[in-house]
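Commentary on secondary and tertiary structure
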Amino acid sequence: MRRRGTRVPVRPAGAVKRGPVARGSPSANPQPAGTTSPLGFAFANPHATRDNYDTFDPKNVFADASIKSTPTPEPVPVPRRTPPVLALADVVGAGVVSQIQRAGKIVFHAVGDTGGIKQPDSQFKVADAMAAEIAGATYAGGRPTFFFHLGDVVYYYGQERYYYDQFYDPYRDYDAPIFAVPGNHDGVLFPGEPVKYSLEPFCNNFCTAKPVHHVVAQGCARTTMTQPGVYFTLDAPFVKIIGLYSNTSEGATQGLLSGPKVGPDQLNFLQAQLQAAAVRRAQNDRRAVVIAVHHPPFTGSGSHTPNPAMLGDIDAACRKAGIYPDVVLSGHAHLYERYTRTVAGRQIPYVVAGSGGYFNLSGFKPGAGGQKPKPPVTGTDANGNPLTLEAFSDTLYGYLRLAVDLGTLSCEFVAVDKATGRAGVSDGFGVNLATYAVTSRPGPRLGA
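Overview of the structure. Please read these numbers as outputs of a predicted model, since none were measured by experiment.

How each quantity is defined
- Residues numbered from 1 in each chain as written.
- Predicted model: local features only at pLDDT ≥ 70, side-chain atom pairs only at ≥ 80, totals over all residues.
- Heavy atoms only, no water.
- Axes fitted to C-alpha atoms, helices over the stretch in contact; angles between N-to-C directions.
- Helix = DSSP H or I, 4+ residues; strand = E, 2+ residues; numbered from the N terminus.
- Left-handed = near helix turned anticlockwise from the far one by under 90°.
- Contact = heavy atoms within 4.5 Å.
- Nonpolar A, V, L, I, M, F, W, Y, C, P; charged D, E, K, R; others polar.
- 1 Å grid on protein atoms, 1.4 Å probe; cavity = no way out; pocket = protein on both sides within 12 Å on 5 of 7 lines; lining within 4 Å.
- Points joined across faces, edges and corners; volume = space filled by probe spheres on them.
- Salt bridge = Lys/Arg side-chain N within 4 Å of Asp/Glu carboxyl O.
- Core = buried A, V, L, I, M, F, W, Y, C linked by side-chain atoms within 4.5 Å.
- Buried < 20%, exposed > 50% of the residue type's maximum accessible area, 1.4 Å probe, protein only.
- Disulfide = S-S within 2.5 Å.

Focus: the packing of helix H7 (residues 265-282) against helix H8 (residues 308-321)
It is at 9 Å that the axes of H7 and H8 come closest, and there the two elements cross at 35°. For the pair H7 and H8, the sense of crossing is right-handed. Residues Leu267, Leu270, Gln271, Leu274, Gln275 and Ala278 of H7 pack against Asp313, Ile314, Ala316, Ala317, Cys318, Lys320 and Ala321 of H8. Here the contact of H7 with H8 is composed, by residue class, of 9 nonpolar, 2 polar and 2 charged.

Below, the structure is given as structure tokens:
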């Protein structure tokens, strides 16, 4: 069994100033060997290694849980370039993109709320299951191309010194790029926190101008990611993912895309990206449009609440652009949920996947009789649109596996047994990208 390495509570050199993100290099170590792309990125370590908790001390909580802070909306770091769009080819190279195009589909992972903190084994088991889908696979055979993280990478305040324990080490064998939108815990500040602005550590790890080996990655080969901003679009074959930052709020006001302190830039970006997608779709570009945002528009979690105001901002941008997303992915609530919402004559799945490893799953809120609902449960949203709870699981950790081709977007919730690490599909659905109809494909452990 390997040694996890010494935890070094350091901050990177060349810290980023408020404004344009990550122009300096956070590297202070030579880069270890690892699986690389032709563009200077490194992903997995050269040899897979077993998880090892020999050095883990449950009294040494990875994040400062005792620190108290009242979340308030924080200014959003200005993207490094405008518009903040990243082509997948600029990370994996043109050769990989050609293989994906020849395969006729793209496959990728998504999940949020991964930091294990007190009990890291669930995060490691989920990460190992995801990595196992890549090892030895080909793009023609459905190899996942990347992992899109749905926020809350590092608890509780996104501190730089916890990126090794909660990010680099768990995904040391994940042989693909990892993109991310920040969650509220990645951005919230506590009094006296030694950073210059909210999301500085996130930017130092996900938004650098070029891929570098971050000192906090220690012996892990993975380099930083080069997202142009904390909100950005990932342009890939068959899919366009619009990633949004929903800021730091909790409770009834959670989920915020704009406002007096935040500014209008992110909503303007969303509007422009949707309009661009509408133009391309009118030109027969059938790529799926995915919106990824940390806070969920809908959730039945007993510990979290939905945010109709944030959903209203997204809806308004969609109406103005004349296009709606083919699926909306979120985290924040620590469970799996799937809803189907009917808007403007089309069905849209809203998926909550906050079961990536945070040590405490959220229970689904029981009804008036004290019983949890038995999907499907039909109703309406705040605006009278039909809304159906199709599935949920509040006892299983796991992740999403999505596949998109020219006609269909499919998504599976892959549950991971927290005792054995065995993975299996617990729920799934497909979206017809021509008719916008959703078809459920439930698995054997649904709603456990």
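What follows continues from the structure just given.
Comments concerning the layout of surface pockets
Looking at the largest pocket, its volume works out to about 240 Å³. Along the wall of the largest pocket there are 16 residues; nearest its centre are Ala48, Ala131, Ala132, Ala135 and Asp173.

Some thoughts on the pattern of salt bridges
Between side chains of opposite charge, a pair can form as their charged atoms come close. For the coordinates displayed, the defined rule picks out 14 salt bridges. One network of salt bridges, in which partners are shared, links Asp235, Arg280, Asp285 and Arg287.

Some points on the nonpolar core
Counting residues in hydrophobic clusters, the biggest one holds 127 residues, and the most contacted among them are Phe148, Phe179, Phe206, Leu400 and Leu409. If we skip the residues at most four places from it in the chain, Phe206 touches Val153, Tyr163, Phe167, Ile178, Phe179, Ala180, Met225, Thr226 and Gln227.

Structural notes on the state of the cysteines
Using the criterion set out here, one finds 0 disulfides in the structure. With no disulfide of its own, Cys207 has Cys203 as its nearest cysteine by sulfur position, at a separation of 4.5 Å. Since its relative accessible area comes to 0%, Cys207 is described here as buried.

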